[in-house]
Structures are given as structure tokens and as C-alpha cells.
Number of protein chains: 2
Amino acid sequence: MTEPLIDPTMIAPEPLDAVASDPVTLGWMQGAPPPADKQVRFDDGSMFSFPQLRWAYSNMPQLIPTTTVTRGTGGVCPLPRADRDDLDAIECVPLGRSETMTWAQSLAANYTDGIVVLHRGHIVYERYFGALTAPQPHIVWSVTKSFFGTIALMLIDQGRLDHDTLVTTYVPELAGTGLGTATVRQVMDMTTSIHYSEDYTDPQAGAWQHGRAGGVLAKPEGYSGPASFYDFLRTLQQDGAHGEAFAYKTVNTDLLGWILRRVTGQRLNDMLSERLWAPLGCEQDGRLLVDSAGTEFAGGGLNVSLRDLARFGEMMRCGGEFNGRRIVPQAAIDAIRAGGDKGHFAKSDYVLLPGWSYRAMWWVSHNAHGAYCARGIHGQGVYIDPAAEMVIARFASHPMAGNANLDPTTLPAYAAMAEHLMVTG
Amino acid sequence: MTEPLIDPTMIAPEPLDAVASDPVTLGWMQGAPPPADKQVRFDDGSMFSFPQLRWAYSNMPQLIPTTTVTRGTGGVCPLPRADRDDLDAIECVPLGRSETMTWAQSLAANYTDGIVVLHRGHIVYERYFGALTAPQPHIVWSVTKSFFGTIALMLIDQGRLDHDTLVTTYVPELAGTGLGTATVRQVMDMTTSIHYSEDYTDPQAGAWQHGRAGGVLAKPEGYSGPASFYDFLRTLQQDGAHGEAFAYKTVNTDLLGWILRRVTGQRLNDMLSERLWAPLGCEQDGRLLVDSAGTEFAGGGLNVSLRDLARFGEMMRCGGEFNGRRIVPQAAIDAIRAGGDKGHFAKSDYVLLPGWSYRAMWWVSHNAHGAYCARGIHGQGVYIDPAAEMVIARFASHPMAGNANLDPTTLPAYAAMAEHLMVTG
């Protein structure tokens, strides 16, 4: 559900490429009913297998129950169009390679399901592939985290949330557990230290247990573990001192979601709707995966249309203003752009992200353009490049979870797009 | 899921009234997490118990997976407002009683969750109660059937569906089963004769087996019956001659859904979106409950916002035209308004609906106003009164399933509203 640490050995031996694994060509879920070998199901786990996941990630609400992030009954804030035909040919050199690759080639290399590029608020490029269409919500996995990190900063700005206090101020149920000794800020920046592995190659990893507890993964016969996301959080044990190193663990965001629910008295779908979806003038409802007790998967459960993700990114690029109004306070944007502790980040193992940091559930590059982004496994992301006045929103269904598998082609392609837009205006 | 035959003994002994059972007051699913005794869940069946169902019927997609009936990316067709304050006081005499009741009182008597009255296409009255808000989709149960009956008539009009042929023309898998010997028309008008009971007071009734097969109801431990809606249809046996009597059985509509999928090659959500949601300019997405193989519950799985249900009704009232375009052919509207065989209908047991008939999944009153309606258990409905130029869309969560429990207050109230609007203009 989240981003594993880099493990080059995880790169699969020649999976089907983007064209060969196209979910429409392969006929997943076609027919009435689909033949047994063309079904993508929750109960047998096939929805999380490649290439079936290429269909599933565009169709999550029909596999797992969801709450609705309603856009309400207001108007849509249009994204003006200025489509360009010079962008597919942009070239870049992927990390670790010598030959160039075009922008169009990079999309296939990353198993892109949909991508939109905004320049100065205009759509200059928009493409959909495979099972995805414009109005369809796609799972964004850990991009979800950045939505809730942003809302946490909004509440801090309003004085309603104190990030220096212990999480038990808001969630006393965590007293005596590994997360109960952390501050809100440590949770927001993922510097808690707990026994819990995000290594998806280990079948015993906490990340899998967390998913099963929340019902995002099917529970095996005779399952007797924690029965909800919150029950799972209470089982976690501390592993050394909090606040000393960045350690990417999805459970932090589920705890943040719990805190936000306690502070606002709102469910997470209503919180997103009131604070972001309706003000942004989104064109589609979002969806949040829920567990059997109706608790939303704050760490990775959001499904959103591509253009709505772009609206969110554009609002961030514009310093929190969009659709003719202030939506996020400038202080929250400034906090994210300033980033987190680079020393903490360097203690983790993101060799492809040198000099980066993590702050309030955002990934901050600290590059010359001041770029920062939200990232989710299998290639989900929104990338904000303030200097280039560019926002890129992308959905993908790469065979491998970790973005380390996508960054070598993604980051140089995005940098080349930014340069091209800056030069050509 | 569907409308049982009338059984006056089913009227419960003094359930909580509408105020006492208000789902917000009772605190269902409030808190993070909700206390165990305030949870409304799928796995323990509590979502189908009263009063929990008062919360659940406004929140189905977070309990059961759904496909999305997208409204697409087009504009909303506004419903102009002409709110009136003289309607709550309208009086009627409920069937079987002597004292009058006001319109406002009838809403509480029927455990109304939301109701909108259109007169000449303008909203003259709109109210929401309990757990429902304007943008929120509410389960419509068997109102779903009328959507698919209408689409079937559209396809007949186009010459793409033949209603005189056997269903096996489209679904050869049903050869040798009870439904395989029926014509499409017999399925559309529910004059098939099969061993299958819609009596919800019988725990062995086919309706419950059907729901469990499709996963709309939790499967008991060790369940080994049919694993999908379509698997269940293949188990049904014939019970006498088809075509001689109206017999309300939800499985007919699931079979019709199967036929429509075969004729169009589309999934039911896309079929609804392309033919109705987008042309109607709906303001919200619909949702369709699905089984574990992704098959939509054509017999009762649609969730829709109140105003969008009103749009559908208004289009029907206007002879198939709405939003500046023809959406349903006049011939389809005429076929529904003409109704089905009254003799067939009289053989069933709807003592509160004398002289009515059933045609293409619509209930036709044959009254002086030419009223007809779509109906779903627990009080869902859209009621079209051509003479009064009135459309009423209503969602409810009555403790009892059968509309026989609501008709005594509903039908006189609707008639009084129609008269009042005709008199006062």
C-alpha cells in the first residue's frame, strides 16, 4: 500500500510491458459474467497481482467498500486548456542510462494509466491509457497521505491542532503502545520509531498485517488478528527513540487520520469534501476505502480523478489559492515547501532521492526549482514545480510497488518537461 | 431487496417512530471508531436491521462494493426552483382510517429520508431527514428495476432487442433451467412462473438465497451455494406455465440485466451512464451494488441522489424529452403508460393496488391521472402523475419492507398533493 525501501533486487525479471499488459487488450472483467480466468477479484487477491492490478487500480470501489468524498452541488472550477503537440518528443536521459528517452516513451516505461501536465494553470497535455477514463477515480495509494498532511497543517494554522503534544492528547487509547509516546509532529513527518516493516517482499511485514486488519486485503480463513485499522495501531511496539530518523511507515498516517477525526469530529470523507473537494470545484467525487467498521484508510485509500488531483496540485502551486478563494493557508504551503529535516531523511535508504526530505506527508526535493510531490506505490503522484509553474498528476500501474522502479525514468522526464516549458513559454 | 406480497401481519408491533429512530440522534457510526454498539456493519447483518437500516440506506457504498454510474464530465441540467410554503398543510385521509393526516405528518409516518416534489418541472418542495443530504446517493432497491425496464424498451425501439423471443436467444446458459423457457417480454412484465419466494418472513425464501449468492447479504460460515447472481439464476426451476399471471420476483430483473449486457456489450453502470445519467445532466454519480464477480445487482442495487431520481421521473413525465433532447423514445413511454395485463396483475395479491398493472418493470395505476411509478422496499419510489404535471421522488427507511405498509399513507397523500397543485396552479 505504501512505498517500500529501495531494493534493486525487487525489479522483476521482464514482466509484460505496458502494451502487452494493457488491461483492455487482456480482457479483464469483460463478458457477462467474465470468464473465471478473466476475473479480477478481491477474495482471491488477484486484484493485487500483476497484470490484473492494471485493471483494479482504476476500479477499486467495485472491489472494496468506499465512503464518498462528495464534490457537493456546487459548480466545477474549469481547468483551461492549452493543449500542445510538442511535448511527446521531449527527451531526457533516464537515471543510470546513457541513451535518451522521449516523454512519450517514458509514459510506457512507467505503465502510465493517466497523466496531465498543467503549465501556468492550463492543461497542456492530458492522456489516458488502459482501463482509465477522465471521470474515473484511480487509487492514489500514498498520495492520500499528502491530503491529510495538508489538512493537519490547516488545523495547526487554525490553532485547533498542536503538533508538539503527544498523540495521546487526542487518542488516549494509544497510551502504553509504541505510537503513544510520539508527538503529532513526529507522526506527521514519519520520524516515529516502531517495530513495523513496510517491506512488501516479507509476507510477515506489518504492512500486510495492517492491510488485512483493515480489510483492504482478504483475511485468511480462521483469521484472528486485529479487526480494524485502529485495532492494528494499538498492537504496535516502540523500537528506539522517536524523532531521530525518517522511517516511512503507513501506520503513521492512519494515526494522523485518527487524530484529525478527533480534532474535527468529522469523518475523513466529509473532512476532505468540506475543506478541499468543494472549495477546489472538483469535477468528480473522490472515494475512500474503508474497513469493516467504516474507518477510512488514511494511509492510502483515496481514489480520485486525474484532473481533480491536478486541481489539488495547482492549488498548492498557487500558494493555497484556487477557484477564486484561499483554500489552504500560506503558512501551510510554506511549511511543506521548506521541507523536513534532511539529516533525518538521509538516514533512510532512498538513494535515488539525495538531499530530499519529508514534511507533513509530502516529499520535498530541495532542488533548484523547489519541487515537491506526493507519491504512491506503483507510480501514483502529483509533482509540483514552482519555478517552472508546472504541475504533473500521474496515475500508473507499474508491476512493482516501489517508486524506485519508476524514478529513473520519471524524475528526468519531469525535469525535462519543466525545462522545456520554461524555455518555450 | 424487493417488494413482498402483502401480508398485514407483517406490520411490526410498535417499532420506534421516525423521530425516535432518527439515525443521527441514535448516533450510528459516530465516533472514531464508533462504539461497538453503534456500528452498522455488513458482516453481522446489522445494516439490514431496524433501526440501523435508517443509517445504512443512505450509506450503502461503504458497506458493499459498487460500480460507478458516472455523470461524466458534462454540465448539470438544473431543476428550477419554485419552493412553496403551502404544501406541508395539505390534508388527506389515509386508507382504512377516518381521521385526516397532513402532508408533513405523512412524511414522518413513512420514515421519509428525503422527498422532492416537482410541478411542471420546478422543485416546489424538497426535504431531507436523518442521515441523508442532497448530494448523497440512497439505495433505491427495486426502483432499479424500472431503469432497466426502460432501457429494455429503448433497445426494443431500436430493433436491438426482441421481446417475443426466448431469453435463451441472449443467454444460452439458461437452457434447461426454469427461466430458460420464458420470453423476454414475460421477464420484463414478471409473468414468469418459477419456484422462488419473495416472502421475506421465510428465512428459506429464494430472495434471501439470491442476496447471499450475490454477496449483498453476508454468506454464513461454510456457505457452499451459488457464488454469484448469475449462478443463482441457473438454479431456478419452473413452476407451471409462464405468461399467465403477474408474480413479482426480483430474479426476473437480474435476468433482464444479463440480457441487456449481452445485447449491448456494456456493463450496467456504463449502460446507465451513457443512456440516462449523462443525457439527463445528473448532478451526482450513481452507484450499483456488485457481487464478487463484478456483476451488478440489476434487481435492486442502484443508489442515486434524490434530485437525480426526480430528473429521471421528470424526463418520463415529459414523454422522454429532458435537458433539451430526446432521451427515451416516445414509444417506450407510451408502452409503460399503457400498462400491462390487468388480469395478470389481479391474480397477485396487491389488495391496495386494485386495477393496477405491471409493465416493463413499472407499476401502472390506470387511475384518472394516468399515474405510474417505480417502487422499492422500505418506501423508495418515483411517482409520475401526468395529469397533475407532478413528479414525486422519495427515499425512506420504513421498518417494514413491503410498500403495503406505506401505501395507506403514501397514495392518498400523493393524490392530495396532485389535486392541490392542479387547483392552485
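Residues numbered from 1 in each chain as written. Chains lettered and ligands numbered in written order. Predicted model: local features only at pLDDT ≥ 70, side-chain atom pairs only at ≥ 80, totals over all residues.

Novice: I would appreciate a short explanation of the overall build of chain A in the present structure.
Specialist: On a plain count of helices and strands, chain A comes out with 12 helices and 15 strands. By the compact-globule yardstick of 22 Å for 425 residues, chain A fits well, its C-alpha radius of gyration being 20 Å. In terms of overall dimensions, chain A has C-alpha extents of about 60 × 50 × 45 Å along its principal axes. When the 425 residues of chain A are sorted by exposure, 58% land in the buried category. Once local pairs closer than 6 in sequence are excluded, the contacts in chain A between residues at least 24 apart make up 69%. (Helix = DSSP H or I, 4+ residues; strand = E, 2+ residues; numbered from the N terminus. Rg over C-alpha atoms; globule rule 2.2 N^0.38 Å. Buried ≥ 20, exposed ≤ 12 C-beta atoms within 10 Å, placed from the backbone. Contact = placed C-beta atoms within 7 Å.)

Novice: Please clarify how the nonpolar core should be interpreted in this entry.
Specialist: Most often, soluble globular proteins have nonpolar side chains that are buried together. Counting 138 residues, the largest nonpolar core has A:A152, A:V167, A:I259, A:V382 and A:M417 as the members making the most contacts within it. Looking at which element gives the most residues to this core, the answer is helix 3 (residues 143-157) of chain A, with 9 residues. Residues in contact with A:V167, not counting those within four places in the same chain, are A:L174, A:L179, A:G180, A:A182, A:V184, A:V187, A:L255 and A:I259. Residues B:L53, B:F129, B:A152 and B:L276 belong to the second largest nonpolar core, which totals 136 residues. (Core = buried A, V, L, I, M, F, W, Y, C linked by C-beta atoms within 7 Å.)

Novice: What am I meant to see in the interface of chain B and chain A here?
Specialist: Many structure descriptions define interface size as the accessible area lost when the parts assemble. On the chain A side, the residues contacting the 34 residues of chain B number 33 residues. Split into classes, the residues belonging to the side of chain B that touches chain A amount to 15 nonpolar, 13 polar and 6 charged. (Nonpolar A, V, L, I, M, F, W, Y, C, P; charged D, E, K, R; others polar.)

Novice: Just checking my understanding: could you explain the relation of the copies chain B and chain A for this structure?
Specialist: Put simply, the two copies of the chain differ by a rotation about an axis and a shift along that axis. When chain B is fitted to chain A, the best match, at an RMSD of 0.0 Å, comes from turning it 180° and sliding it 0.0 Å along the axis. In the structure described here, the two chain copies are related by an operation that fits a two-fold rotation axis. Across chain B, the smallest distance between a C-alpha and the rotation axis is recorded for B:P65, namely 2.3 Å. Most of the interface of chain B is mirrored in chain A: 97% of its interface residues are interface residues there too. (Least-squares fit on C-alpha atoms with pLDDT ≥ 70 in both.)

Novice: Mind showing me how you'd approach the sheet that holds strand 4 (residues 112-119) of chain B here?
Specialist: In any sheet, the strands associate via hydrogen bonds between backbone groups, in a parallel or an antiparallel arrangement. Residue and element names in this part refer to chain B. Taken in spatial order, the 7 strands of this open sheet run 5-4-15-14-13-12-11, and their pairing is antiparallel. A single partner strand is all that each edge strand has here, and the edge strands are strand 5 (122-128) and strand 11 (357-359). The mean angle between the axes of side-by-side strands here comes to 20°, regardless of whether they run parallel or antiparallel. The pairing of strand 12 (residues 362-364) with strand 13 (residues 372-376) spans 2 bridges and is antiparallel. Across the sheet, residue V364 finds its bridge partner in strand 13, namely Y372. Here helix 3 (residues 143-157) sits on the sheet in contact with strand 12, strand 13 and strand 14 (380-385), set at roughly 130° to strand 13. (Pairing = 2+ DSSP bridges. Axes fitted to C-alpha atoms, helices over the stretch in contact; angles between N-to-C directions.)

Novice: It is not clear to me how the pairing of strand 13 of chain B should be interpreted in this structure. Could you clarify?
Specialist: Both faces of the sheet carry side chains from a regular strand, because those side chains alternate between them. Residues and elements named next belong to chain B. Most of strand 13 sits inside the fold, with 5 of its 5 residues counted as buried. Here strand 13 shows a buried face lined by Y372, A374 and G376 and a second buried face lined by C373 and R375. Pairing geometry for strand 13 and strand 14, over 5 bridges, is antiparallel. Residue pairing in the sheet places C373 in a bridge with Y383 of strand 14. Two successive antiparallel strands, strand 13 and strand 14, enclose a turn made up of 3 residues, where H378 displays a positive phi of approximately 65°.

Novice: In this structure, what is going on with the pairing of strand 15 (residues 390-396) of chain B? I would like to understand it.
Specialist: Residues and elements named next belong to chain B. Of all the 7 residues making up strand 15, 7 are buried; the element is thus mostly covered by neighbouring parts of the structure. What you see with strand 15 is no split at all: M390, I392, R394 and A396 on one side and V391, A393 and F395 on the other are buried throughout. As judged from the 7 bridges shared by strand 4 and strand 15, these two strands associate in the antiparallel manner. Looking across to strand 15, one finds that L118 is bridged to V391. Here 5 bridges tie strand 14 to strand 15, and the two strands are oriented antiparallel to one another. Paired with D385 across the bridge in strand 15 is M390. Here strand 14 folds back onto strand 15 in antiparallel fashion, the turn holding 4 residues, of which E389 has a positive phi close to 50°.

Novice: Honestly, the sheet that holds strand 1 (residues 66-69) of chain B in this entry has me stumped. Any pointers?
Specialist: Residue and element names in this part refer to chain B. If you trace the 4 strands from one edge of the open sheet to the other, you get 1-7-8-6, paired in antiparallel fashion. Each edge of the open sheet carries a strand with a single partner, namely strand 1 and strand 6 (138-139). The pairing of strand 7 (residues 286-289) with strand 8 (residues 302-304) spans 2 bridges and is antiparallel. Paired with R287 across the bridge in strand 8 is N303. Running at roughly 20° to strand 1, helix 8 (residues 268-280) makes contact with strand 1 and strand 7 of the sheet.

Novice: Would you take a moment to explain helix 5 (residues 206-213) of chain B for this structure?
Specialist: All names here are of chain B. When we look at burial in helix 5, the residues that qualify are G206, A207, H210, G211 and A213. Taken down its axis, helix 5 places every buried residue within 160° of arc, on the same side. G215, located one to two residues past helix 5, shows a positive phi value of around 75°. (Arc of directions from axis to C-beta.)

Novice: Would you mind showing me how to read the packing of helix 3 of chain B against helix 7 (residues 251-264) of chain B here?
Specialist: When two helices pack together, you describe them by how their axes are tilted relative to each other and by the distance separating the axes. All names here are of chain B. The interhelical angle for the contact between helix 3 and helix 7, taken along N-to-C directions, is 40°, at an axis separation of 10 Å. It follows from the interaxial angle that helix 3 and helix 7 lie oblique. Our pair here, helix 3 against helix 7, has a crossing hand that is left-handed. Here helix 3 contributes K145, F148, I151, A152 and L155 to the contact with helix 7, which in turn contributes T253, L256, G257, L260 and V263. Its residues assigned to classes, the contact of helix 3 with helix 7 comprises 7 nonpolar, 2 polar and 1 charged. (Parallel < 35°, antiparallel > 145°, perpendicular 65-115°, else oblique. Left-handed = near helix turned anticlockwise from the far one by under 90°.)

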